[in-house]
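Structural overview
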Amino acid sequence: MQVPRDLRYTKDHEWARIEKDIVTVGITDYAQDKLGDVVFIEIQEEGTTLKQGEKFGTVESVKSVSDVFSPFSGTLKEVNRALIDNPELVNKDPYGRAWMIKLSASDIENEIKNLMDAEAYEKYCKEAD
Amino acid sequence: MKHTPLYETHKRLNAKFMEFGGYEMPLQYTGIIEEHLNVRNRVGIFDVSHMGEIFIKGKEALAFCEWLTPNHVSRLTVNQAQYSFLLNDAGGVIDDIIIYRLAEDEFMFCVNASNVDKDYNWILMHKRGNVEIENRSEDIGMISVQGPLSSHTMEAIFGGINTLKRFTFKIDSFAGKQIIISRTGYTGEDGFECFIDNEAVVKLWDSIIEAGKPHAIKPIGLGARDTLRAEMGYPLYGMELNDTSTPLSTNLGWVIKLDKAAFIGKEALEIAVQKGITKKLVGIVMNGRSIPRHKNPVLLKDKVIGEVTTGTYSPSLSRGIAMAYVDNNIEINEVGVDIRGILHTGNVIQLPFLKK
């Protein structure tokens, strides 16, 4: 299972890459492995205001449906259209081409406390198994 | 949870597991879509040892089976198999089964894993005449080999198996054990199902994997088993079939032979036919990318006309598909499916989804 060191993680298995106040979000390798073949992704419109922990989309595999939640409060700036057209990218490249949204975050400094670093997330996944 | 003799094999193959019928079974190995397409295009091997086997034997076995099930058992010759049901007095489906005529006076019922105890008790409770009833589900393993290259694979181990006709079987031996090989399956492809003593299951699996190597055989989990049967519109107990509704609204009405002598559930079915069948099972192919799921409401304009029984993604059609019971008396082409509060449209089709 891949857990890149430079990312932050939620308990719902989203990852967040923080670059100044822009946060790129996707789901983790652990999550895609649990889901199996992803066949459909729905994401809210650009411009939507999200609170930390609020649902911003749905990821469907052959067998199941999972909601995805925003790791930070902010405004949804960009949706990865290429991913909507090729949902299987989630299984192939969860931390790269399968990024889901870019978020203009409003309070990274405070909200980051609610996320895990790579080490804590790895431990969290092991305990979940 | 119970395990089949192949549990360690599945673990070595890195299977993801799920609970099914009290067993810990492989959901998938490399991925449902890949496995599904391997069965459609080449060949796949399934561990279905969780399925049950109930034997009925004795002078009056035929008469008893005729009484227990709605299809014409007497039309079965020895070495022939038949799809049928166990029905309750109200005509509801206790289980869907395959009946194998092993000898003039001996039959094997292959039943769903989750229903073994229910079926066995039902059969015991209705025992009539000179028959012996034995539940050997725990001792017998079952391997299914499905796909257009399944006969090439099986022929390499069991020479002459190619001549078996659909829904017939032969009894052979393998690793010193008796094996029943039938040309049946649940995928819509050519295929074989093998019943053998638990002790020989792993050896049989390994031999089939070896024989299938030139044909790119793959182990297939229950995930793809479900998408394969869904594309063919095959009803599944617990989804399309249940104890409280008759099979008359399904595409399996042909199984019910109301012209035969008394059988359990016959009166209720006759009354149901007289009253008129109000629901029918249809297929829905979604227009967009959304995937319908079990229990999603089906709407015509603003009116709910039914509910999704099976909803999944079809790897062959790259679309969401659903089976649903809808009102029988309306001609419908396009319907809406309410998927988690949002209405998506789909086209109603005659089953199966995949015409072969």
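The structure we're discussing is the one just above.
Here is what the cut-offs are and how they apply
Residues numbered from 1 in each chain as written. Chains lettered and ligands numbered in written order. Predicted model: local features only at pLDDT ≥ 70, side-chain atom pairs only at ≥ 80, totals over all residues. Helix = DSSP H or I, 4+ residues; strand = E, 2+ residues; numbered from the N terminus. Rg over C-alpha atoms; globule rule 2.2 N^0.38 Å. Buried ≥ 20, exposed ≤ 12 C-beta atoms within 10 Å, placed from the backbone. Contact = placed C-beta atoms within 7 Å. Nonpolar A, V, L, I, M, F, W, Y, C, P; charged D, E, K, R; others polar. Pairing = 2+ DSSP bridges. Axes fitted to C-alpha atoms, helices over the stretch in contact; angles between N-to-C directions.

What follows is about the overall build of chain A. In terms of regular secondary structure, chain A is built from five helices and nine strands. If you list the helices and strands of chain A from N to C, you get β-β-β-α-β-β-β-β-β-α-α-β-α-α. The globule rule puts the C-alpha radius of gyration for 129 residues at 14 Å, and the 13 Å found for chain A is close to it. If you line up chain A on its principal axes, its C-alpha atoms span 35 × 35 × 20 Å. Evaluated residue by residue, chain A yields a buried proportion of 44% over its 129 residues.

Now for the interface of chain A and chain B. Frequently, the measure chosen for interface size is the accessible area that the parts lose on association. Of the residues lining the interface, eight residues belong to chain A; the matching set on chain B comes to twelve residues. When the residues that make up the side of chain A that touches chain B are grouped by side-chain class, the tally is four nonpolar, one polar and three charged.

What follows covers the sheet that holds strand β5 (residues 81-87) of chain B. Residue and element names in this part refer to chain B. Overall, antiparallel pairing links the five strands, which are arranged β5-β6-β7-β4-β8 in an open sheet. Sheet topology places β5 and β8 (132-135) at the edges, where each strand pairs with a single neighbour. Adjacent strand axes in the sheet meet at a mean angle of 25° when their direction is disregarded. Pairing between strand β6 (residues 93-103) and strand β7 (residues 106-111): five bridges, direction antiparallel. Residue pairing in the sheet places Arg 101 in a bridge with Phe 107 of β7.

Looking now at the environment of B:Glu231. Residue and element names in this part refer to chain B. One can find Glu 231 in helix α7 (residues 222-231). The exposure class of Glu 231 is buried, given the 24 C-beta atoms found within 10 Å. Once you skip the residues sitting within four places of it in the chain, Glu 231 turns out to touch Gly 188, Ser 314, Ser 316, Pro 352, Phe 353 and Leu 354.

Now for the sheet that holds strand β19 (residues 342-349) of chain B. Strand pairing in a sheet is mediated by backbone hydrogen bonds. Such pairs are either parallel or antiparallel. Residue and element names in this part refer to chain B. Strand order in the closed barrel made by the six strands is β14-β17-β16-β15-β18-β19, with antiparallel pairing throughout. On average, each strand axis in the sheet is tilted by 40° relative to the strand beside it, whichever way the strands run. Against the sheet, α7 makes contact with β16 (303-314) and β17 (319-327), and its axis sits at roughly 130° relative to β16, the strand it touches most.

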